[in-house]
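Inside the fold
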Amino acid sequence: MRDFSTIRKDFPILFQEVNDEPLVYLDNAATTQKPTQVLDVLRHYYENDNANVHRGVHTLAERATEDYENSREKVRAFINAKETAEVLFTRGTTTGLNWLARSYGDAFIKEGDEIVISYMEHHSNIIPWQQLAERKGATLRYLPLTDEGFIDMTAAKEIINEKTAIVSLAYVSNVLGVINPIKEFAEMAHVNDAVMIVDGAQAAPHMVVDVQALDADFFAFSGHKMCGPTGIGVLYGKRKWLEQMEPVEFGGEMIDFVNLYDSTWKELPWKFEAGTPNIAGAIALGGAIDYLNDIGMENIHRYEQELVAYVLPKLHEIGGITTYGPQDPEHHTGVIAFNLDAIHPHDVATALDMEGVAVRAGHHCAQPLMNYLNLPATARASFYFYNTKEDADRLIEAIQATKEFFKDGAI
């Protein structure tokens, strides 16, 4: 197991000053930083193997294709998919969910069906289903939340019923920091002949994911939130569904044969990957998976829980602060949304930035949740395994300094 005290050295971007203060990067729910090991993979591809995949017989093309498909196998093992044919490379979680709404949704959803999501969903797991419901005459239903920020399971057992065709939920909330019991929801969905779709963007980087154990029909996640580059992601789908679905993008790479008036598609997974893919991104995602596996996903999850158990009580000790989601650190991931009384979250984030502490402020692409909580916005600090208790202390100090700054009437 890697020593967490030395891991920080792998991330050169963290060793800089912002506004004359050492950087404390706490916006990991938005995107994570990249270790030199992943940057080296990107550089090696472009300097040594840059060629298109699957199409060439020359040496560079064969090397690029081998690395690209090796990366698909790394993804398969990382999420414990049954076979690489179930692993589709996408641009990210948003693309994967949109593909599902267009491909699976248009093929299988009919008028009168119900699509079930929750109030805590990211916009990427709301808008595609809104659009699908509008196209097909289906009904979108929302699972309510408890006061602690969990999905209300009693209500869920009533809302998920024989009319339900799709249940689509975040594994981990990007605002409330809760881990949803996906396996239980999958059981509810399947009893009613519905499919279980999982937004895994905030889960795959932080914990062990086993799509077979979860019995998820589909699982989407993004590379840039797990030390990989931007513009690459994964959509997992059970073979039985992917074989029945039509691709939503057409062109080179995904075809078997093109006639003048019709065409046939390649077998899985390539029938969904039209055009030149993000080859470097996919290969570097494999490098990111190697890096995370070297640390160990169970170790990452345990370490982040230790950070949360350290920082959350300290936040609660600050007067005039409200944190959202579970108040017990045991049920809270490294995503912590909060507000300071009488100070707008944007002002909080700006003030923290002047102390070198990078957090996010706004609705976090979760406006229905903000409305549900009767909030305009929140500030959000999100931790990753390269953060430290010293980073947590700097956050606390910066929040206290911000309170003093605004108490004195400064604007």
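Residues numbered from 1 in each chain as written. Predicted model: local features only at pLDDT ≥ 70, side-chain atom pairs only at ≥ 80, totals over all residues. Heavy atoms only, no water.

Our next topic: the overall build of the protein. Secondary structure summary: the protein contains 14 helices and 17 strands in total. Scaling as 2.2 N^0.38, a compact globule of 411 residues should have a C-alpha radius of gyration of about 22 Å, and the protein matches this with 22 Å. Here the C-alpha coordinates of the protein stretch approximately 75 × 55 × 35 Å along the principal axes. Long-range pairs, those at least 24 residues apart, make up 70% of the contacts in the protein with a sequence separation of at least 6. A total of about 17,300 Å² of accessible surface is found on the protein, and carbon and sulfur atoms cover 49% of it. Taking the average place of the 34 positive charges on the side chains of the protein and the average place of its 60 negative ones, the gap between the two points comes to 3 Å. (Helix = DSSP H or I, 4+ residues; strand = E, 2+ residues; numbered from the N terminus. Rg over C-alpha atoms; globule rule 2.2 N^0.38 Å. Contact = heavy atoms within 4.5 Å. Areas by Shrake-Rupley, 256 points an atom, 1.4 Å probe, with all protein chains shown as cover. Lys, Arg positive; Asp, Glu negative; His and termini not counted. Charge placed at Lys NZ, Arg CZ, Asp CG, Glu CD.)

Attention shifts here to the UniProt feature "domain: Aminotransferase class V" (unreviewed entry) in the protein. Those residues carrying the UniProt feature "domain: Aminotransferase class V" (unreviewed entry) are residues 24-395 in this numbering. When the span residues 24-395 is considered, its composition is 40% helix and 17% strand, and the gap between its end C-alpha atoms is 8 Å. (UniProt positions renumbered as here; feature names shortened; annotations may be inferred.)

L292, F385 and L395 are the most contacted members of the largest nonpolar core, which has 106 residues in total. When residues of this core are sorted by domain, at least three fall in each of domain 1 (4-30 + 297-401) and domain 2 (39-294). Beyond its immediate sequence surroundings of up to four residues, L395 is in contact with L26, V311, L352, V357, V359, A381 and F383. (Core = buried A, V, L, I, M, F, W, Y, C linked by side-chain atoms within 4.5 Å. Buried < 20%, exposed > 50% of the residue type's maximum accessible area, 1.4 Å probe, protein only. Domains from an automatic or database assignment.)

Looking now at the sheet that holds strand 17 (residues 378-382). Spatially, the four strands line up as an open sheet ordered 13-14-17-16, and their pairing is antiparallel. The open sheet has two edge strands, strand 13 (321-323) and strand 16 (360-362), and neither has a second partner. Sheet twist, expressed as the average angle between the axes of neighbouring strands with direction ignored, equals 30°. Across three bridges, the pairing between strand 16 and strand 17 is antiparallel. Across the sheet, G362 pairs through a bridge with T378, a residue of strand 17. Helix 14 (residues 389-407) rests against strand 13, strand 14 (335-340) and strand 17 of the sheet, and its axis sits at about 15° to strand 14. (Pairing = 2+ DSSP bridges. Axes fitted to C-alpha atoms, helices over the stretch in contact; angles between N-to-C directions.)

Here we come to the pairing of strand 9 (residues 218-222). Every other side chain in a regular strand lies on the same face of the sheet, so the side chains alternate between the two faces. Burial of strand 9 is extensive: five of the five residues sit out of reach of the surface. Neither face of strand 9 is exposed, since F218, A220 and S222 on one face and F219 and F221 on the opposite face are all buried. Pairing between strand 8 (residues 195-199) and strand 9: three bridges, direction parallel. Residue pairing in the sheet places D199 in a bridge with A220 of strand 9.

This brings us to the packing of helix 4 (residues 93-108) against helix 5 (residues 127-136). Following both chains from N to C, one finds helix 4 and helix 5 inclined at 20°, their axes separated by 9 Å at the closest point. Relative to helix 5, the element helix 4 is oriented roughly parallel. Handedness of the helix 4/helix 5 crossing: right-handed. Packed against helix 4, whose contacting residues are L97, N98, L100, A101, R102, G105 and D106, the element helix 5 presents P128, W129, L132, R135 and K136 at the interface. A per-class count over the contact of helix 4 with helix 5 returns six nonpolar, two polar and four charged. (Parallel < 35°, antiparallel > 145°, perpendicular 65-115°, else oblique. Left-handed = near helix turned anticlockwise from the far one by under 90°. Nonpolar A, V, L, I, M, F, W, Y, C, P; charged D, E, K, R; others polar.)

What follows covers unusual backbone geometry. Note: most residues except glycine have negative phi, and most peptide bonds are trans. In this structure, P269 follows L268 across a cis peptide bond, with omega equal to 0°. As for its placement among the helices and strands, P269 is situated in the loop between strand 12 (263-265) and helix 10 (279-295). Backbone geometry at D20 places phi at a positive 65°, although glycine is not the residue there. Structurally, the position occupied by D20 is in the loop between strand 1 (17-18) and strand 2 (21-22). Its relative accessible area of 69% is what places D20 among the exposed residues. We note that N80 has phi near 60°; this positive angle belongs to a residue other than glycine. Within the fold, N80 resides in the loop between helix 3 (59-79) and strand 4 (87-90).

Attention shifts here to the domain arrangement of the protein. Along its sequence, the protein is organised into domain 1 (4-30 + 297-401) and domain 2 (39-294). Distance from the C-alpha centre of domain 1 to the C-alpha centre of domain 2: 28 Å. Regarding the contact of domain 1 and domain 2, the summed buried area is about 2,600 Å², with carbon and sulfur atoms giving 63% of it. Per-residue buried area on domain 1 facing domain 2 is highest for M297, L369 and Y372; these three make up 25% of the total on that side. For the pair domain 1 and domain 2, the number of links is 15 residue pairs in polar contact (both at pLDDT 80 or more). For the side of domain 1 that touches domain 2, the elements supplying multiple residues, two or more each, are helix 11 (297-317), strand 14 and helix 13 (367-372). Residues that form the side of domain 1 that touches domain 2 fall into these classes: 20 nonpolar, eight polar and four charged. (Buried area = accessible area lost by both parts, 1.4 Å probe. Polar contact = N/O pair within 3.5 Å; in protein donor to acceptor, adjacent residues only side chain to side chain.)

A separate point is the side chain of T333. Along the chain, T333 falls in the loop between strand 13 and strand 14. In this structure T333 comes out as buried when scored by relative accessible area, which is 11%.

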